[in-house]
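One-letter residues, chain by chain:
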Amino acid sequence: HMMLHCLTMSYVYFVVSIFFFLMIRRPPRSTLSSSSAASDVYKRQYQRRVRGSMGKKKHVAARHTRAPAPSGSNWTKNLAMLACVAVVAVGYRFVSPGDGPRPPSSSSSRRGSFDPTLPMAKVLERIPSLDGVNATLLNANPPIYLFPNYLDDNECQLLIDHAIAQGLQRSTTTGSLGEDGKFARPTSGSRTSSNAWCFNDCFNDPEVKKIEARIARVVSRPSTNMEHFQLLHYNVGQEYREHHDFIYDQSQMKQGARQFTFFLYLNDVEEGGETYFPRLNLKVKPQKGYALLWPNTDYDAKGGERNDRQLSSTVHAALPIIKGEKYAANKWVHQGDFLEMWTSGISG
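What you see is a predicted model; the values in this text were computed from it and never measured. (Residues numbered from 1 in each chain as written. Predicted model: local features only at pLDDT ≥ 70, side-chain atom pairs only at ≥ 80, totals over all residues. Heavy atoms only, no water.)

(A) Seen up close, the layout of surface pockets. Considered as a void within the structure, the largest pocket measures approximately 760 Å³ in volume. Taken together, 41 residues form the lining of the largest pocket, with R185, W197, Q230, R258 and W332 sitting closest to its centre. Of all elements in the fold, only β3 (169-170), β4 (194-197), β5 (230-234), β6 (240-243), β7 (258-265), β14 (316-318), β16 (326-334) and α11 (338-343) reach the threshold of two or more residues within the lining of the largest pocket. Considering only residue class, the lining of the largest pocket consists of 15 nonpolar, 18 polar and 8 charged. (1 Å grid on protein atoms, 1.4 Å probe; cavity = no way out; pocket = protein on both sides within 12 Å on 5 of 7 lines; lining within 4 Å. Points joined across faces, edges and corners; volume = space filled by probe spheres on them. Helix = DSSP H or I, 4+ residues; strand = E, 2+ residues; numbered from the N terminus. Nonpolar A, V, L, I, M, F, W, Y, C, P; charged D, E, K, R; others polar.)

As structure tokens, then:
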């Protein structure tokens with residue numbers, strides 16, 4: 001609609017401008033053909049001057065092939081010029097590059113704004129006011145949000161299919177940081193699930209990009225600040241015991257710490273598999289299409305957020321599956337550009 005409006009105004013602006021330009025260049029016909037005595041005298045005087053100049057050089061005669069407009073037409077000329085200026089001003093208002101409709105001044109117009117520098121506390125505070133986002137606050141301090149029906153059935157199946165296609169392998173934990181800028185990845189009895197990373201076809205899938213874009217809007221961070229989806233699968237008895245997603249060494253790197261975890265449930269679990277926050281006495285049941293968000297760093301420290309310090313209250317666990325299976329996806333959101341560091345091989 002904006003483009004159509006601008007094109008229409010451009011056309012009107014062009015036509016009206018040409019009209020007034022022609023008015024300026026050509027005096028009104030009634031003025032040149034007036035039957036008044038003054039006009040007749042003027043014409044006879046002009047004709048005598050033209051005949052008397054016939055013997056002069058052609059370029060001199062050419063300057064007088066058209067009679068100048070009588071002084072009586074000046075008011076028309078001035079009026080046309082003023083009108084033309086007005087049309088230019090109005091036309092510029094509607095078609096000048098980058099000038100669109102002014103947003104309303106109400107606070108609702110700012111809902112969903114995207115500011116990658118927004119402090120974590122503000123990011124968490126504004127979530128309930130985001131247009132088109134259904135969020136339930138499960139815990140106030142720290143804020144933990146549940147997003148019912150965040151993914152539809154097709155999106156859930158898409159991520160499951162990518163997990164299988166990428167090749168699910170035994171999940172690892174984070175070990176020590178090596179001289180090559182990468183962490184050791186040992187297996188541990190505390191984590192018995194399997195996982196795959198959303199690389200290659202998964203990473204380049206337009207539908208996956210759309211999911212990432214929705215997450216980016218919620219956390220007010222660009223998708224470049226996010227790690228690839230970690231695609232998870234739990235069978236009966238598998239679990240991930242109490243742990244924290246914060247990694248101190250990452251907080252000292254260019255991409256910064258994992259500020260947020262955005263966790264997606266891709267299927268319904270018959271029994272077990274809850275996400276459990278022991279220090280908050282909070283359990284979240286896996287439900288297909290639901291998503292969960294929590295902070296990992298000290299967002300509300302005195303003197304401002306501390307991204308080099310973990311938020312101890314969000315220690316959590318994936319409880320064992322009792323019946324059925326569980327598919328899920330992690331999206332870890334960093335303070336800075338993760339993908340740049342990952343591409344250079346020094347993201348940890």
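(B) Representation of unusual backbone geometry. Note the cis peptide between N141 and P142, where omega equals 0°. Locating P142 in the fold gives a position in the loop between β1 (136-139) and β2 (144-147). Even without a glycine there, the phi angle at N149 is positive, about 50°. Topologically, N149 is positioned in the loop between β2 and α7 (153-166). Phi is positive for N281, close to 55°, though the residue is something other than glycine. Tracing the backbone shows N281 in the loop between β9 (275-277) and β10 (282-284). When its relative accessible area of 66% is taken as the criterion, N281 is described as exposed. (Buried < 20%, exposed > 50% of the residue type's maximum accessible area, 1.4 Å probe, protein only.)

(C) Representation of the sheet that holds β4. Sheet architecture is open: 8 strands sit in the order β1-β2-β11-β7-β16-β5-β4-β3, paired in antiparallel fashion. The two strands at the open ends of the sheet, each matched to only one other strand, are β1 and β3. Each of β2, β7, β11 (291-295) and β16 touches helix α9 (residues 206-219); the most contacted strand, β7, lies at about 135° to it. (Pairing = 2+ DSSP bridges. Contact = heavy atoms within 4.5 Å. Axes fitted to C-alpha atoms, helices over the stretch in contact; angles between N-to-C directions.)

(D) Focus on α7. With 14 residues, α7 should cover 20 Å at 1.5 Å per step; its first-to-last C-alpha distance of 20 Å lies within 8% of that length. For α7, the elements touching its buried residues are β4, α8 (200-204), α9, β5, β7 and β16. Its side-chain oxygen placed 3.1 Å from the backbone nitrogen of N154, D152 serves as the N-cap of α7. One or two residues past the end of α7 sits G167, with phi positive at roughly 95°. (Expected span 1.5 Å × (residues − 1). Polar contact = N/O pair within 3.5 Å; in protein donor to acceptor, adjacent residues only side chain to side chain.)

(E) Inspection of the sheet that holds β14 at higher detail. Strand order in the open sheet made by the 4 strands is β6-β14-β9-β10, with antiparallel pairing throughout. If you trace the sheet from one side to the other, it starts and ends with β6 and β10, each paired once. Strand-to-strand, the axes of this sheet are offset by a mean angle of 15°, without reference to chain direction. Pairing between β9 and β10: 3 bridges, direction antiparallel. Among the inter-strand pairings, F277 is bridged to a residue of β10, identified as L282.

(F) Structural context of the side chain of R258. Examined against the element boundaries, R258 turns out to sit in strand β7. Within the structure, R258 has its side chain in polar contact with the side chain of E227 (distance 2.8 Å).

(G) Highlighting the nonpolar core. The biggest cluster of nonpolar side chains holds 38 residues, and the ones touching the most others in it are F147, V218 and L264. Counting only elements with at least two residues in this core, the list comes to α6 (120-126), β2, α7, α9, β7, β11 and β16. No other element matches α9, which puts 6 residues into this core. Ignoring sequence-local partners within four residues, the contact set of V218 consists of V123, R126, I127, L130, V133, F147, Y150, F262 and L293. Counting 18 residues, the second largest nonpolar core, distinct from the first, contains L146, F277, L282 and A318. (Core = buried A, V, L, I, M, F, W, Y, C linked by side-chain atoms within 4.5 Å.)

(H) Examining the packing of aromatic side chains more closely. Scanning the entire structure with this criterion turns up 10 aromatic pairs. Seen from their ring centres, F277 and W294 are 5.2 Å apart, and the 80° between their planes marks the pair as edge-to-face. One end of the pair, F277, is in strand β9; the other, W294, is in strand β11, and 17 residues separate them in sequence. There is no split in this pair, since F277 and W294 are both buried. One cation-aromatic arrangement involves K209 over F203; the distance from NZ or CZ to the ring centre is 3.7 Å. In this arrangement the basic side chain of K283 is found over the ring face of Y276, its NZ or CZ atom lying 5.6 Å from the centre. (Phe/Tyr/Trp six-rings, centres within 6.5 Å; stacked < 30°, edge-to-face > 60°. Lys NZ or Arg CZ within 6 Å of the ring centre and 35° of its normal.)

(I) Structural context of the state of the cysteines. Here the structure, examined in full by the defined rule, presents 1 disulfide. Across the disulfide, C198 is cross-linked to C202 (sulfur-sulfur distance 1.9 Å). In this structure, the disulfide formed by C198 and C202 twists by about -95° around the S-S bond and is classed as left-handed. By relative accessible area, C202 is classed as buried at 0%. (Disulfide = S-S within 2.5 Å.)

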